[in-house]
Amino acid sequence: MSAKIVPREILCKSALSKTGIPGYEYCINPYVGCAHACLYCYASFMCRFTGHQKQWGEFLDVKINFPAALAKRLSGRTRPEGKVLLSTVTDAYQPAEALYKITRSSLEVLAEYQLLEVHILTKSALVQRDLPVLRRLRACEVGFTITTMDRNIARVLEPGASPPHLRLAAARQLMQAGIPVWVFIAPLLPGLSDTEEGLTSLLQTLHKTGIREILIDYLNPYPAVVHRLKSAYRRYFPGALPELEEYLHHPVIYQDKIEGRLNQVSELVGCRPCFV
Ligand code: SF4
């Protein structure tokens, strides 16, 4: 856990929320805030609803009664059906989860009731801890967000998340245990991860690891995200700043260029990533 973060324990009223994300009926967010502190995180808009004065990545609320609230919902008269996604505005496996085990207890509840198919999206290798519970779920899939294999880039842009090689090691372990795994390359980082070298390295590594389902998304240029990224690019990656500016000012032309590059690299590597 980041030394700066002192988690606050809170009580929640509900644990299962409806979601408009295509393909999912519900989402589960056991924490408020995210210590992974990704600079491109657009969930940072949550800051204004939490009452926290601190920046995104510097606060964390732990919903300590979350598993109990979930059990109450699943045992109610109207039983939920479909797919639930962990998580949408936080990472259910951020460092505090190693201590609090709120996500694991919630998965135990989901395994007990066998009502929902569970999909997890994370940037943490900690998910492998819960393999025995994942195997008892009605159905389960795990997605790992991996934006780059370059540890220096990841350290700057996703400072609190597991290093990319550890996410891949966790992906491998889950796959060996029979859990379906996919990778989400999101966002593509202009001038950093979307270069020919960056794409080749990432796609080759994923392919060698045995990952066949790869989804990709572009950067969402929310003003706060752009502000944080430009500062980081200026400081750490000044050579890539023109690419970021080009993407921000001419997104359609930029995306055409990247899609052409991606097609070439994918063909060479022998994989078929898709844009969401
Ligand atoms: S892991 Fe996800 S929710 Fe957490 S800071 Fe990064 S992008 Fe945001």
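The structure we're discussing is the one just above.
Conventions adopted
- Residues numbered from 1 in each chain as written.
- Predicted model: local features only at pLDDT ≥ 70, side-chain atom pairs only at ≥ 80, totals over all residues.
- Helix = DSSP H or I, 4+ residues; strand = E, 2+ residues; numbered from the N terminus.
- Expected span 1.5 Å × (residues − 1).
- Buried ≥ 20, exposed ≤ 12 C-beta atoms within 10 Å, placed from the backbone.
- Arc of directions from axis to C-beta.
- Contact = placed C-beta atoms within 7 Å.
- Axes fitted to C-alpha atoms, helices over the stretch in contact; angles between N-to-C directions.
- Left-handed = near helix turned anticlockwise from the far one by under 90°.
- Nonpolar A, V, L, I, M, F, W, Y, C, P; charged D, E, K, R; others polar.
- Pairing = 2+ DSSP bridges.
- Near = placed C-beta within 6 Å.

Student: Talk me through helix α11 (residues 251-269); I want residue IDs and the actual numbers.
Tutor: In this model α11 runs 26 Å from its N-terminal to its C-terminal C-alpha over 19 residues, within 8% of the 27 Å that 1.5 Å per residue would give. Three or more residues of α11 are buried, namely Tyr254, Ile258, Leu262 and Val265. Along the axis of α11, the buried residues cluster in a sector spanning 70°; they form a single face. In α11, the exposed residues that point more than 90 degrees away from the buried face are Val252, Ile253, Asp256, Glu259, Gly260, Asn263 and Glu267. Looking at the buried positions of α11, the neighbouring elements they touch are α8 (196-209) and α10 (241-249). Looking one or two residues past α11, Gly270 carries a phi angle of roughly 90°, positive in sign.

Student: Please set out the packing of α8 against α11 residue by residue, giving values where relevant.
Tutor: Contact geometry of α8 with α11 gives a least axis separation of 10 Å together with a crossing angle of 40°. Here α8 runs over α11; the crossing is right-handed. Counted together, Glu196, Leu199, Thr200, Leu203, Gln204 and His207 of α8 and Arg261, Leu262, Val265, Ser266 and Val269 of α11 form the full contact between these two elements. Along the lines of polarity and charge, the residues of the contact of α8 with α11 split into five nonpolar, four polar and two charged.

Student: Residues and numbers for the environment of Glu112, please.
Tutor: Mapped onto the secondary structure, Glu112 falls in helix α4 (residues 102-113). For Glu112, a count of 13 C-beta atoms within 10 Å translates into the label partly exposed. Here the alpha-carbon distance between Glu112 and Val252, two residues 140 residues apart in the chain, equals 47 Å.

Student: Now, about helix α9 (residues 223-236): what can you tell me, with residues and values included?
Tutor: Given a rise of 1.5 Å per residue, 14 residues ought to cover 20 Å, and the 20 Å separating the end C-alpha atoms of α9 matches this to within 8%. Buried positions along α9 lie against α10.

Student: I'd love a proper account of the sheet that holds strand β5 (residues 61-63), names of residues and values included.
Tutor: Strands sit in the order β1-β5-β4 across an open sheet of three strands; the sheet is mixed. Strand pairing shows two members of the sheet lacking a second neighbour, β1 (8-10) and β4 (31-32), which therefore form its edges. Examined bridge by bridge, β1 and β5 share three bridges and lie parallel to one another. Bridge assignment links Arg8 to a residue of β5, and that residue is Asp61.

Student: Break down the site of the ligand for me, with residues and values.
Tutor: Taken together, Cys34, His36, Ala37, Cys38, Cys41, Ala43, Thr90, Asp91, Lys123 and Ala161 make up all the residues around the ligand. Looking at the shell around the ligand, its residues break down into six nonpolar, two polar and two charged.

Student: Mind laying out the sheet that holds strand β3 (residues 26-28), listing which residues take part and the relevant values?
Tutor: By way of backbone hydrogen bonds, the strands of a sheet pair with one another, either parallel or antiparallel. Strand order in the open sheet made by the eight strands is β2-β3-β6-β7-β8-β9-β10-β11, with mixed pairing throughout. Two strands close off the open sheet at either side, each with one partner strand: β2 (17-18) and β11 (274-275). Judged from the four bridges that link them, strand β8 (residues 140-145) and strand β9 (residues 181-185) form a sheet pairing that is parallel. When the bridges of β9 are listed, Gly143 appears paired with Trp182.

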